[in-house]
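# Structure at a glance
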Amino acid sequence: MSVPDERQKEFKAPRGTRDILPAEIEPWRELERVCRSVMEAAGYLEIRTPIFEHTELFQRGIGETTDIVEKEMYTFLDRAGRSITLRPEGTASVVRSYLEHKMYALPQPIKVYYIGRMYRYERPQAGRYREFRQFGAEAIGAQDPAIDAELIDVFVEILSRMGLKDLEVHVNSIGCPECRPKYRDAIREGLEPVMGRLCEDCLRRLTRNPLRILDCKNPECRDLTKNVANIFDHLCDECRDHFQSFSRFLDISGIHYVVDPRIVRGLDYYTKTVFEVISRDLGAQDAVGGGGRYDGLVEECGGSPTPGAGFAAGMDRIIQLMTARKAPDEGVSGPDVFIAALGDDARLIAFKAAIDLRRAGVSADIDHMGRSLRAQMKFADRGKFRYVVILGEDEIAANEATIREMATGAQTRVSFDGLVEALIGRCLRS
């Protein structure tokens, strides 16, 4: 009996991760382009932070009682014995960078955005992965409620430009360290008669962070908490005024929104404004993204008291929604030029033309597999090239090339000397 060769083992991507193949990449590039365009138009500049940080940053920044820190972080010891964590979200890293590079000495607010990979050990499901992509924005240094509304407007504008319009914006206030303790006490008191019927997670939250009970997705827990005390009956004057001012700015933006007292978000650093953008097409896990204000986070990470606000959105979910709404080929344009050449002399001409086209900003490719001219034409058709240049025996004999427009089948002959110029004119003009 033969022993299987270990080298023949079939490797697969780890559970909760995936490859984004070349045929799938275009929506991702478009989303990244739109993110950068909308963010930068609003004065947000790109920042890129490390993909891992010291674990303590997330423990202090996100909160040790959160699901992320308790159950979902990828944490390990490096060779020097230091505890390192793959970043599960972007805000704590941005705040660390703000302090490390003394951005507080610059004109405030500091407005930045990021696009990158995050990591959380959670159960993979539709639109949710253990390695996932996020974009987000942070505005640090301003207490102005207009910043809260601006962040929502930027977020909704990005989604709108990506063709996602059937969305709901849910907003809430979760108070501040002055008024929130009284609200926590009110939640505990209201749930005391039914605490024996709460799920294990909610029982733990009841003593450590009762607001998180409102975010539980367990249907029975949601029913038991439907009559819990309303946060707006417990806000201090400062938080109430902030929310009212924020609401006026949001009204001016023209964005339709719903005041939802159950929106609390899953991170401990939030204060005052919190919000989520909801899509019913995503099922029970229906939030495309969200954010809010975090006026205590900079101080928690070692800085002076500094206000801040931000949001983050799951790109995987947005791509999922885009794909569901688009026809397979909608909005996808193929490469510019494929040069089909037969024979050594023709291949030299094709190679030189492809190089010159690329240097001029026109995408171009040639055959590298020794295919027949007919097979090259089939390859170009499958690859959805806009134009095919044919260099066959007749063309070589006449010192000319045939340009075929694939969408119409129209063909024209041009001399070798004028080939590149003719293609540049067609491709860059259209």
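Higher on the page you've got the structure.
Residues numbered from 1 in each chain as written. Predicted model: local features only at pLDDT ≥ 70, side-chain atom pairs only at ≥ 80, totals over all residues. Heavy atoms only, no water.

The next subject is the overall build of the protein chain. Broken down by element type, the protein chain carries 15 helices and 16 strands. A compact globule built from 430 residues should have a C-alpha radius of gyration of about 22 Å, whereas the protein chain, at 28 Å, is more than 25% larger. Projected onto its principal axes, the C-alpha positions of the protein chain cover 90 × 70 × 45 Å. For the protein chain, buried positions account for 47% of its 430 residues. A separation of at least 24 residues holds for 68% of the contacts in the protein chain among residues at least 6 apart in sequence. Accessible area of the protein chain: about 22400 Å², with a carbon and sulfur share of 50%. Put simply, the protein chain has 61 plus and 68 minus side-chain charges, and the middle of one group is 2 Å from the middle of the other. (Helix = DSSP H or I, 4+ residues; strand = E, 2+ residues; numbered from the N terminus. Rg over C-alpha atoms; globule rule 2.2 N^0.38 Å. Buried < 20%, exposed > 50% of the residue type's maximum accessible area, 1.4 Å probe, protein only. Contact = heavy atoms within 4.5 Å. Areas by Shrake-Rupley, 256 points an atom, 1.4 Å probe, with all protein chains shown as cover. Lys, Arg positive; Asp, Glu negative; His and termini not counted. Charge placed at Lys NZ, Arg CZ, Asp CG, Glu CD.)

Attention now goes to the pattern of salt bridges. Any two side chains of opposite charge can pair if their charged atoms end up close together. Inspection of every chain in the model, using the stated rule, returns 31 salt bridges. In this structure, the salt-bridge partner of D295 is R293, at a minimum N-O distance of 3.0 Å. Just as D295 is buried, R293 falls in that class too. Across the salt bridge formed by E400 and R413, the nearest N and O atoms sit 3.0 Å from each other. Taken together, the positions of E400 in strand β15 (residues 400-405) and R413 in strand β16 (residues 411-415) put the pair 13 residues apart, joining distant regions of the chain. (Salt bridge = Lys/Arg side-chain N within 4 Å of Asp/Glu carboxyl O.)

Looking at soluble globular proteins, one finds that nonpolar side chains tend to be buried together. Among the nonpolar cores identified, the biggest contains 51 residues, and V95, Y98, I140, Y183, I187 and C202 are the most heavily contacted of them. The biggest single contributor to this core is helix α4 (residues 91-100), with 5 residues. When residues no more than four places from it in sequence are discounted, the contact partners of C202 are I213, C216 and C221. With 42 residues, the next largest nonpolar core counts C35, A139, V288 and L321 among its residues. (Core = buried A, V, L, I, M, F, W, Y, C linked by side-chain atoms within 4.5 Å.)

As a further point, take helix α2 (residues 55-62). All of the buried residues in α2 are T55, L57, F58, G61 and I62. Summarising the axial view, the buried residues of α2 lie within an arc of 160°, below the 170-degree limit, and thus occupy one face. At the exit of α2 stands G63, carrying a positive phi of roughly 115°. (Arc of directions from axis to C-beta.)

For α4, the tally of buried residues reaches 9 of 10 residues, placing the bulk of the element in the interior. On the buried face of α4, the contacting elements are β2 (52-54), α2, β5 (110-119), β6 (131-140) and α10 (297-300). Positive phi appears at K102, one or two residues downstream of α4, with a value of about 55°.

Bringing the pairing of strand β10 (residues 287-293) into the picture now. Of all 7 residues that make up β10, 6 are buried, and the element is covered over most of its length. As defined by bridge partners, strand β9 (residues 271-278) adjoins β10 across 6 bridges and the pair is classed as antiparallel. In the sheet register, V274 faces β10, and the bridge partner there is G292. Relative to strand β11 (residues 308-314), β10 is paired through 5 bridges, and the arrangement is antiparallel. Among the inter-strand pairings, G292 is bridged to a residue of β11, identified as G310. (Pairing = 2+ DSSP bridges.)

We now examine the sheet that holds strand β3 (residues 75-77). Taken in spatial order, the 3 strands line up as β2-β4-β3 in an open sheet, and their pairing is antiparallel. On the outer flanks of this sheet lie β2 and β3, each paired with one strand and no other. When strand polarity is set aside, the average angle formed by the axes of neighbouring strands in this sheet is 35°. Pairing geometry for β2 and strand β4 (residues 83-86), over 3 bridges, is antiparallel. Counted as the bridge partner of H54 is I84 from β4. Most of the contacts of α2 go to β2, to which it runs at about 80°, and overall it touches β2, β3 and β4. (Axes fitted to C-alpha atoms, helices over the stretch in contact; angles between N-to-C directions.)

Before going further, it helps to spend a moment on the side chain of D295. Within the secondary structure, D295 is located in the loop between β10 and α10. Here D295 falls in the buried class, since its relative accessible area comes to 16%. Looking at D295, its side chain comes within polar contact range of the side chain of R293, at 3.0 Å. Leaving out residues up to four positions away in the same chain, D295 has contacts with Q143, T271, K272, T306, P307 and G308. (Polar contact = N/O pair within 3.5 Å; in protein donor to acceptor, adjacent residues only side chain to side chain.)

Moving on: the packing of aromatic side chains. With the rule as written, the count across this model stands at 11 aromatic pairs. Measuring from ring centre to ring centre gives 6.2 Å for Y98 and Y104, while their planes differ by 65°; the resulting arrangement is edge-to-face. The exposure class of Y98 is buried, given its relative accessible area of 2%. The ring of W28 carries R133 above its face, with NZ or CZ at 5.8 Å from the centroid. Cation over ring: R371 sits above F379, and NZ or CZ is 4.4 Å from the ring centre. (Phe/Tyr/Trp six-rings, centres within 6.5 Å; stacked < 30°, edge-to-face > 60°. Lys NZ or Arg CZ within 6 Å of the ring centre and 35° of its normal.)

Moving on, we come to the pairing of strand β14 (residues 387-391). Note on strand geometry: in a regular strand, side chains alternate between the two faces of the sheet. Most of β14 sits inside the fold, with 5 of its 5 residues counted as buried. Every second residue of β14 is oriented toward a common face, with Y387, V389 and L391 on one face and V388 and I390 on the other, all of them buried. Relative to β14, strand β12 (residues 337-341) is paired through 5 bridges, and the arrangement is parallel. Across the sheet, residue I339 finds its bridge partner in β14, namely V389.

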